[in-house]
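These are the residues of each chain, in order.
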Amino acid sequence: MGIREFSSGVSPSTIAPSTATSPKALSHFTLVDYGVCALLLVSSLAIGLFYARRGRGQNTVRQFLLANRSMGSLPVALSLLATFQSAVALLGVPGEIYRSGTEYWFLGCSYFLGLLVPAHIFIPIFYRLNISSAYEYLELRFSKAVRLCGTLTFIFQMVIYMGVVLYAPALALNAVTGLDLWGSVLALGIVCTVYTSLGGLKAVIWTDVFQTVVMFLGQLAVVIVGAAKVGGLGRVWDVASQHDRISGIDLNPDPFVRHTFWTLAFGGVFMMLSLYGVNQAQVQRYLSSRSEKTAILSCYAVFPCQQVTLCIGCLIGLVMFVYYLDNPLAPEQTEVSSDQMVLYFVMDILGELPGLPGLFVACLFSGSLSTISSAFNSLATVTIEDLIRPHFPEISENRATFISKVLAVVYGLVCLGMAYISSLMGPVLQAAISIFGMVGGPLLGLFCLGIFFPCANSTGAVVGLLAGLIMAFWIGIGSMVSSMTSSTMVPPHNGTGFFSYRNTTVVTMTTVMPSAVSRPTGLQRFYNLSYLWYSAHNSTTVIIVGLLVSLLTGGTRGQPPNPRTVYPVLPRLFSLLPISCRNRLPCQGYSQDVSYETDKIAEKISNGKLTGCGEEEVVVVVPEQGYIQGDHGHAFVLQETSL
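Keep in mind it's a predicted model, so treat the numbers as computed, not measured. By convention here, each chain's residues receive numbers from 1 onward along its written sequence. For this predicted model, a pLDDT threshold of at least 70 governs which residues receive local features, and a threshold of 80 or more governs which side-chain atom pairs are given and counted, while totals over whole chains, interfaces and linings are taken from all residues. The side-chain quantities take in all heavy atoms of the structure and omit both hydrogens and water.

Enquirer: Please explain the overall build of the protein as it appears in this structure.
Expert: Numbering goes from the N terminus for both helices and strands, where a helix is a DSSP run of H or I of at least four residues and a strand is a run of E of at least two. On a plain count of helices and strands, the protein comes out with 24 helices and six strands. Relative accessibility under 20% of the residue-type maximum defines a buried residue, over 50% an exposed one, and the middle range a partly exposed one, all with a 1.4 Å probe and only protein chains included. In the protein, which comprises 643 residues, the share counted as buried stands at 61%. Contact between two residues is taken to exist if any of their heavy atoms lie within 4.5 Å; hydrogens are not considered. The contacts in the protein between residues at least 6 apart in sequence include a share of 83% that link residues at least 24 apart. In the form shown here, the protein has an accessible surface area of approximately 23,800 Å², with 65% of it arising from carbon and sulfur atoms. Using a 1.4 Å probe, the Shrake-Rupley method yields the accessible areas, and only the shown protein chains count as cover for residues.

Structure, rendered in structure tokens:
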């Protein structure tokens, strides 16, 4: 999934079907460059075939979809990074910096909390439940209906997105370099389908590692050569500062301003959580780790990798800005999208160095391959685990593995079909891209509702998810329609025009606002909410509506949730209340995490009582489920016990 930051905005000019090609750009793409691109595809295919052959005889779903839970922290970390570092993202960040300055860099501040929370809350819960699909958690916490709703929402999100993330960069490459449009699409789609369906998750992870290195080298080549041509990074910084491209900290709290420190550093946290906390593609990588500790370490290892990638993207944007100050763009190039401008810049500075333009195109191909392969694998996983196996529990491991491979091929063909549909969509393609981000927030809210609020029930979860999706599509589509149909109403300075996700350019229909033009009001104002707050707003909607409906329908009184599916934040706060108040709460069935060591738990249980927890409770020991149940509805989790 081309997430590396969250959704991907592609300019209308990029989407437009025009394929006019610059003769100058065409002359720069040599046989050596084509050879570099071909080498990337052949190498990715070889890795998949290697793991397909190596894994012969290990025909289990666990092996195919979870790499037999044998992966180390470094390959998992690099795969986590590559999964949402799509080609659109690789073009989007430099384009954003070129157009608007370095304000976007402050998004890096959101990485800390955006990875800390998954490392210490989401990963332990998912890993200890020994599940394959993140949506299996929803059944354990709520019901089969909630699991089905979550699964179908995710499938809808990914099917729409994967075709777009394949087609849009190929279209931009075709417009600038003359690289055959459908040749690129078919080559990427077929190679990705083959190594994903044959090699499984292990092949996907190791190709992600290889592709991450290619992406890094391609970006680094642009920075080094570009900086050398404009007089060094020192001059780049000085010139950018003189032209106000080095942004300070904007502490404006207005959520309708597209980029401020608060929007980037805190709104970005929710976007990070929707990707690295509950998205199936990332959860599947955590679950492929050889231990819970390894999974947590991989999450931590992503942090510096993301910072480096973000900084390189920002540097490319600054170098591009200085380069075109010294070498003004041709008139026909000034009207193109930011994404295409990045490609023009790359061809301008690397065109005379055989092989380097091919390296950057290989870099973009790597971004697309890593995203699409993750989509195929995660979709195959949720389909077999959430839609097929629950209805056919007697299915054998060999048959389930075979079906998983067939599903990977089917989704590969669907991806190619969606790429073709994308070519016919024109401006509507922007809406398809935005759907990815619209759905991420409500799914995050659904998981947070289950994990942090033990009183939430399945009715509240379903209604909350529907409310969040309605709100997400209302704001997202309303924003796009408003921007496309209103030529006179200009969003606030730095305002949001089109929705986007993390590391990609948000297509904004903004200009420097004349002082005589008034700001939008009412719904028009609401539609200008910064895209970085979308996840926070939509996930909060799910939680609030879900809690209200849960309380109105009786909560979980008498049927406390499995304590392994909740993280006791509110219970710890409730424990400060008097007992009489606690007994009146509809959330009595909650869990407290009491980390007793195995050799000391027996000392806590005496004569049928659990002591040392503020009050005595009659307990029932349930060792096979890993917890003991108290008579006040408190469930005390035993983390490493065998009573």
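Enquirer: Sorry, what's going on with helix H11 (residues 233–242) here?
Expert: Given 3.6 residues to a turn, an α-helix orients residues that are three or four positions apart in the same direction. Buried residues of H11: Val-236, Val-239 and Ala-240, and no others. Each buried residue of H11 lies within a common arc of 100° when the element is viewed along its axis, so the set occupies one face. At its buried positions, H11 is contacted by helix H10 (181–230) and helix H14 (292–326). Here, the arc refers to the directions that run from the helix axis to the C-beta atoms.

Enquirer: I'm lost on the environment of Met-480 in this one. Help?
Expert: For Met-480, the position within the fold is in helix H19 (residues 458–485). Residue Met-480 is classed as buried on the basis of its relative accessible area, which comes to 3%. Each C-alpha atom, one on Met-480 and one on Asn-528, is 9.7 Å from the other, the two residues being 48 residues apart in sequence.

Enquirer: Where do I start with a nonpolar patch on the surface in this structure?
Expert: Patch building starts from residues that exceed 30% relative accessible area and form no salt bridge, then joins like charges within 9 Å and nonpolar side chains (Val, Leu, Ile, Met, Phe, Trp, Tyr) within 5 Å. Criterion for a salt bridge: a side-chain nitrogen of Lys or Arg within 4 Å of a carboxyl oxygen of Asp or Glu. Together, Trp-182, Leu-186, Ile-190, Tyr-420, Ile-421 and Leu-424 line one region of the surface with nonpolar side chains, adding up to about 590 Å² of accessible area. For the nonpolar patch, the secondary-structure elements that each account for two or more residues are H10 and helix H17 (397–425). Position of Tyr-420 among the secondary structure elements: in helix H17. Judged by relative accessible area, which is 49%, Tyr-420 ranks as partly exposed.

Enquirer: Quick question: what am I supposed to make of the packing of aromatic side chains here?
Expert: By convention here, two paired aromatic rings are described through the distance between centres and the angle between planes. Classification of ring pairs uses Phe, Tyr and Trp, with its six-membered ring standing for Trp, and accepts pairs whose centres are within 6.5 Å; under 30 degrees between planes counts as stacked, over 60 as edge-to-face, and the remaining range as tilted. Per the counting criterion, the structure on display carries 21 aromatic pairs. With a centroid separation of 6.2 Å and 65° between ring planes, the pair formed by Tyr-98 and Phe-321 is classed as edge-to-face. Of the two residues, Tyr-98 sits in helix H6 (residues 87–100) while Phe-321 sits in helix H14, which places them 223 residues apart along the sequence. You'll find Tyr-98 and Phe-321 in the same group, each marked buried. The interplanar angle of 75° and the centroid separation of 6.5 Å between the aromatic rings of Phe-122 and Phe-452 together place this pair among those described as edge-to-face. Placement of Phe-122 in helix H7 (residues 110–128) and of Phe-452 in helix H18 (residues 429–452) is noted, with a sequence separation of 330 residues between them. Using a relative accessible area of 1% as the deciding quantity, one classes Phe-122 as buried. Note on Phe-452: relative accessible area 16%, which makes it buried. Counting every residue linked through ring pairs, the aromatic cluster contains Phe-122, Phe-126, Tyr-135, Tyr-137, Phe-154, Phe-447, Phe-452 and Tyr-567.

Enquirer: Would you take a moment to explain unusual backbone geometry for this structure?
Expert: Glycine aside, the phi torsion of most residues is negative, and most peptide linkages are trans. One non-glycine residue, Asn-130, lies in positive phi territory at about 55°. The topology assignment puts Asn-130 in the loop between H7 and helix H8 (134–141). Its identity is not glycine, yet Asp-244 carries a phi of approximately 60°, on the positive side. Checked against the element boundaries, Asp-244 lands in the loop between H11 and helix H12 (261–276).

Enquirer: What's the story with the environment of Asp-254 in this structure? I'm lost.
Expert: Considering the arrangement of structural elements, one finds Asp-254 in the loop between H11 and H12. For Asp-254 and Ser-530, which are 276 residues apart along the polypeptide, the C-alpha to C-alpha distance reads 9.1 Å.

Enquirer: In this structure, what is going on with helix H21 (residues 534–552)? I would like to understand it.
Expert: Its 19 residues give H21 an end-to-end C-alpha distance of 27 Å, which sits within 8% of 27 Å, the value for a rise of 1.5 Å per residue. Looking only at H21, the buried set comprises Tyr-534, Ser-535, Ala-536, Asn-538, Ser-539, Thr-541, Val-542, Ile-543, Gly-546, Leu-547, Val-549 and Ser-550. Here the expected span of a helix is defined as 1.5 Å times the quantity of residues minus one.

Enquirer: Please clarify how the pattern of salt bridges should be interpreted in this entry.
Expert: Close approach of charged atoms allows side chains of opposite charge to pair. Going through the model one piece at a time under the given rule, you end up with eight salt bridges. For Arg-147, the salt bridge is made with Glu-139, and the minimal N-O distance between the two is 2.5 Å. Between Arg-389 and Glu-397 there is a salt bridge whose closest N-O contact spans 2.7 Å.

Enquirer: Can you help me understand the nonpolar core in this one?
Expert: Nonpolar side chains in soluble globular proteins tend to end up buried together. Among the nonpolar cores identified, the biggest contains 148 residues, and Phe-126, Tyr-137 and Phe-345 are the most heavily contacted of them. For this core, the element with the most residues is helix H9 (residues 144–177), which contributes 16 residues. Residues in contact with Tyr-137, not counting those within four places in the same chain, are Ile-125, Phe-126, Leu-129, Ile-131, Phe-447, Gly-450, Ile-451 and Thr-565. Ile-384, Ile-388, Ile-395 and Ala-400 belong to the second largest nonpolar core, which has nine residues in total. Each nonpolar core is a collection of buried residues, namely Ala, Val, Leu, Ile, Met, Phe, Trp, Tyr and Cys, held together in the definition by side-chain atoms within 4.5 Å.

Enquirer: Could you clarify how one ought to interpret the side chain of Gln-307 in this entry?
Expert: By the element assignment, Gln-307 lies in helix H14. Polar contacts here mean pairs of N or O atoms no more than 3.5 Å apart (in protein, one a potential hydrogen donor and the other a potential acceptor; neighbouring residues in sequence count only if both atoms are side-chain atoms). A distance of 3.0 Å separates a polar atom in the side chain of Gln-307 from the backbone oxygen of Gly-108. When residues no more than four places from it in sequence are discounted, the contact partners of Gln-307 are Gly-108 and Tyr-111.

Enquirer: Any chance you could explain the packing of H12 against H21 here in plain terms?
Expert: Relative orientation and spacing of two packed helices are given, respectively, by the angle between their axes and the distance between those axes. The axes are straight lines fitted to the C-alpha atoms, using for helices just the contacting stretch, and the angles between their N-to-C directions are given from 0 to 180°. Packing of H12 against H21 brings their axes to within 7 Å, and their N-to-C directions diverge by 70°. In terms of orientation, H12 lies roughly perpendicular with respect to H21. Contact residues: H12 offers Phe-270, Met-271 and Ser-274, while H21 offers Ser-535, Ala-536 and Ser-539. Here the residues of the contact of H12 with H21 sort into three nonpolar, three polar and no charged. Each angle is binned into one of four classes, with values under 35 degrees roughly parallel, values over 145 roughly antiparallel, values of 65 to 115 roughly perpendicular, and all other values oblique. Gly counts as polar in this scheme, as do all residues outside two lists: the nonpolar Ala, Val, Leu, Ile, Met, Phe, Trp, Tyr, Cys and Pro, and the charged Asp, Glu, Lys and Arg.

Enquirer: I tried to follow the environment of Ala-456 on my own but got confused; where do I start?
Expert: Among the secondary structure elements, Ala-456 is positioned in the loop between H18 and H19. Given a relative accessible area of 0%, Ala-456 falls into the buried group. Distance in space between the C-alpha atoms of Ala-456 and Val-549 is 8.4 Å, their sequence separation being 93 residues.

Enquirer: Would you explain the confidence of the model for the protein in this entry?
Expert: Predicted coordinates in regions of low pLDDT should not be interpreted in detail. Put simply, the protein has an average pLDDT of 77, and 74% of its residues get 70 or more. The quantity called pLDDT is the predictor's confidence in a given residue, expressed from 0 to 100. Counted against residues more than four places away or in other chains, residues 487–517, with its pLDDT under 50, gives 127 contacts. Here residues 589–643 is modelled with pLDDT under 50, and outside its nearest four sequence neighbours on either side it reaches 109 contacts, counting other chains as well.

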